[in-house]
Amino acid sequence: MDELLNILSGIADDGNQSWRTLPPAAYHSDALFELERERIFNAGWICIGRADQVTDCGDYLSIDVVGEPLVMVRDKEGVLRVFSNVCRHRWMRVCQGAGNAGSLVCPYHAWTYNLDGSLRAAPEMDQTPDFDIGTTSLPQVHHEVWEGFVYVNLDGNAKPLTPQLQSITTRISEYKLDQWRVAATVDCGEYPWDWKVMQDNGECYHHYGAHSETFQIDYPARDVITECDDAWILQVAPSSKSSRRIGDDGLEYSPGNFEPGSGLADWQRTSFTLIYVLPNFFIYLQADMGMNLRMLPLGAGRIHLLADVILPPQAFMVSDFEQRLSTCVEFFKRFNEEDVAVNIGVQDGSHSKFAGSAPLSHLEAHNRHIAWWVASRLTKQVT
Ligand code: FES
Ligand SMILES: [Fe+2]
């Protein structure tokens, strides 16, 4: 571990000028994952879903983030709250999955919480010394909503997220993403690769190989532009001329299934955009639809992947909505399978005694930034 941290410290110090990945051991080290848990996932901003998934009073959605059970709830005043989903009695998960309820009732001994997290009822606890129902509540977790996406910060000490994303907010304002809604969630379950393997797979260079039959045809790897800032990475992938469709307004659009929004800039109509909010979340954005991918680490070399299809309001109004949505989900599953194969291969390869820190192409500025970003979080005091 000391040797690994020394290498990471060197990458952090030189800004990763060498265009190389992290060493292979960083992708499967249990000790390093424990450090990531503390310095990256507890300290950073983690997306847990969309505010539109809990629109009505009593709506709730539970999710585990690096081993922390959480639940997002819309309370009686319409305020979105995020709580620890661990019962204050004997640690059972209070809410399971998603649903709507007037109060949150733990299934174990029926302790009942109000939607603001305060404990309303706890059977037979009136004889327990030092127990005060009036001061017991589910702990609230620090959260922020940016463009409709709900982010939590587990240690409560992170710098506010929205100012860090201001430059992205300005550039994508025409989409009005805060009005979009989740149309479907694909729970891909557990995958046997590290969150950094999947994050590394965020470059578009692999259109050449893994997506030669899908993305490379419509979005050639060579044309993709990558821009990195501390908290985010933006990639814009222009569609090939031959793939474009003409909209009702006579303008060119990249391929899609739904009706694109109006008022988009030229590059927004004719590209797809990838917005990575570090450490482990990204949005795939087209003129007519988007996908949120939440790469939730379960340990070194293991993640839980959740993918949401998000759509603008007009997309829900067409008569063949279900058909179009299913085409969209099927397309996701197809290219995701292409990514599954390479992510498994890379994770396996990282254990080889012949594997070393890998050279990167100029189309992998994404990977270079991730390597530097991870290395600096793990070895420096980053505020
Ligand atoms: S663990 Fe929740 S009521 Fe006992
Ligand atoms: Fe891919």
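Data block above holds the structure.
Asker: Whenever I open this one, unusual backbone geometry confuses me. Can you help?
Answerer: With an omega dihedral of 15°, the bond running from Leu278 to Pro279 counts as a cis peptide bond. With respect to the helices and strands, Pro279 occurs in the loop between strand 16 (271-277) and strand 17 (281-285). In this structure, Glu124 is a non-glycine residue whose phi angle is positive, near 65°. Counting through the fold element by element, Glu124 comes out in the loop between strand 8 (119-121) and strand 9 (142-146). By relative accessible area, which is 66% here, Glu124 ends up exposed. At Glu147, a position not held by glycine, the phi torsion is positive, near 55°. Assignment of secondary structure puts Glu147 in the loop between strand 9 and strand 10 (149-153). Since its relative accessible area comes to 17%, Glu147 is described here as buried.

Asker: Hey, could you run me through the sheet that holds strand 4 (residues 80-84) in this one?
Answerer: Note: strands within a sheet are paired through backbone hydrogen bonds, in either parallel or antiparallel orientation. Taken together, the four strands give an open sheet; going across it, the order is 4-3-2-5, and neighbouring strands pair in antiparallel fashion. Since the sheet does not close on itself, it has two edges, and those belong to strand 4 and strand 5 (98-100), each with one partner. Ignoring strand direction, the axes of neighbouring strands in this sheet form an average angle of 25°. Here strand 3 (residues 68-74) pairs with strand 4 via five bridges, running antiparallel. Residue pairing for strand 4: Arg74 is matched across the bridge by Leu80.

Calculation criteria
- Residues numbered from 1 in each chain as written.
- Chains lettered and ligands numbered in written order.
- Predicted model: local features only at pLDDT ≥ 70, side-chain atom pairs only at ≥ 80, totals over all residues.
- Heavy atoms only, no water.
- Helix = DSSP H or I, 4+ residues; strand = E, 2+ residues; numbered from the N terminus.
- Buried < 20%, exposed > 50% of the residue type's maximum accessible area, 1.4 Å probe, protein only.
- Pairing = 2+ DSSP bridges.
- Axes fitted to C-alpha atoms, helices over the stretch in contact; angles between N-to-C directions.

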